[in-house]
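Descriptive structure summary
In case you want the letters, here they are:
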Amino acid sequence: MVHEGLKKVLNGIVAAAQTAGRAPGDVTLIAVSKTFDGPEIIPVIEAGQRVFGENRVQEAKGKWPALRMAWPDVELHLIGPLQSNKAAEAVQLFDAIHTVDRPKIATAIATEIRRQSKPLTLFVQVNTGREPQKAGIDPDHADAFLRECRELHGLEISGLMCIPPAEEDPKRHFTLLAEIATRNGLTQLSMGMSGDYASAIACGATHVRVGSAIFGTR
Ligand SMILES: *Cc1c(COP(=O)(O)O)cnc(C)c1O
């Protein structure tokens, strides 16, 4: 089955990867289904998409268990802020968390991963624009925090995630994130949304988080 929004974005990813001289298969599309429900999500699954993103634990808990019963090979990524009292539920529900951004969350996730013996892919969120209202570790503290995640909490971090400031050219932020990843030996970059995923792919994104371009406006 074909889903027009999904098809358009998948074609856009292939085009952006080819322009950047990269293999399209090196970019994972995370279809961000926040605010949408079964009737909008199921056609995207039926069109073949298997990786989805949600930004709220409670919302994901309400709709995904039933969908995953029907499609057990669906992979679910948490892309929104996590409170430590939700860490147990998050570790249980998600296959990846993109928003590890402070010691308290690193501790809570590490505890739950051990307790539940659940392997999880983890990204550290970096506040590349140093915006006070935005989650993410300050770029100046990223190296130390990554070391702390590994050495103190025994967490294996796969990569970095950022959400650039809305009014700025995202390229500078994507480049900064890529630099921090490289110097810390990380290969995965979660960056790029509906409006800027092509630019993110040009800067090395391995995971793009695309919502409205697939599902329509929220
Ligand atoms: C909602 C959201 C997205 C997707 O945004 P679109 O502009 O709809 O593609 C990506 N990343 C995060 C963290 C989000 O909360």
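See the structure shown above.
Residues numbered from 1 in each chain as written. Predicted model: local features only at pLDDT ≥ 70, side-chain atom pairs only at ≥ 80, totals over all residues. Heavy atoms only, no water.

Overview of the packing of helix H2 (residues 38–46) against helix H3 (residues 57–70)
Two elements in contact, H2 and H3, have axes separated by 12 Å at closest approach and are oriented at 35 degrees. Classified by chirality, the crossing of H3 by H2 is right-handed. Facing H2, whose interface residues are Ile 41, Ile 42 and Ile 45, H3 presents Lys 63, Trp 64 and Leu 67. Of the residues that constitute the contact of H2 with H3, the class distribution is 5 nonpolar, no polar and 1 charged. (Axes fitted to C-alpha atoms, helices over the stretch in contact; angles between N-to-C directions. Helix = DSSP H or I, 4+ residues; strand = E, 2+ residues; numbered from the N terminus. Left-handed = near helix turned anticlockwise from the far one by under 90°. Contact = heavy atoms within 4.5 Å. Nonpolar A, V, L, I, M, F, W, Y, C, P; charged D, E, K, R; others polar.)

Let's talk about the packing of aromatic side chains
Per the stated rule, a full pass over the model turns up 2 aromatic pairs. Ring plane angle 20 degrees and centroid distance 5.1 Å describe the contact between Phe 36 and Phe 215, whose orientation is recorded as stacked. Of this pair, Phe 36 sits in the loop between strand S1 (28–32) and H2 while Phe 215 sits in helix H9 (residues 212–215), placing them 179 residues apart in sequence. Side by side, Phe 36 and Phe 215 carry an identical accessibility label, which is buried. Consider the rings of Phe 52 and Trp 64, whose centres lie 5.0 Å apart with planes at 45 degrees: the pair is tilted. Residue Phe 52 is located in strand S2 (residues 51–54), and its partner Trp 64 is located in helix H3; the two are separated by 12 residues in the primary sequence. (Phe/Tyr/Trp six-rings, centres within 6.5 Å; stacked < 30°, edge-to-face > 60°. Buried < 20%, exposed > 50% of the residue type's maximum accessible area, 1.4 Å probe, protein only.)

Scope: geometric values only; no functional claims are made or implied.
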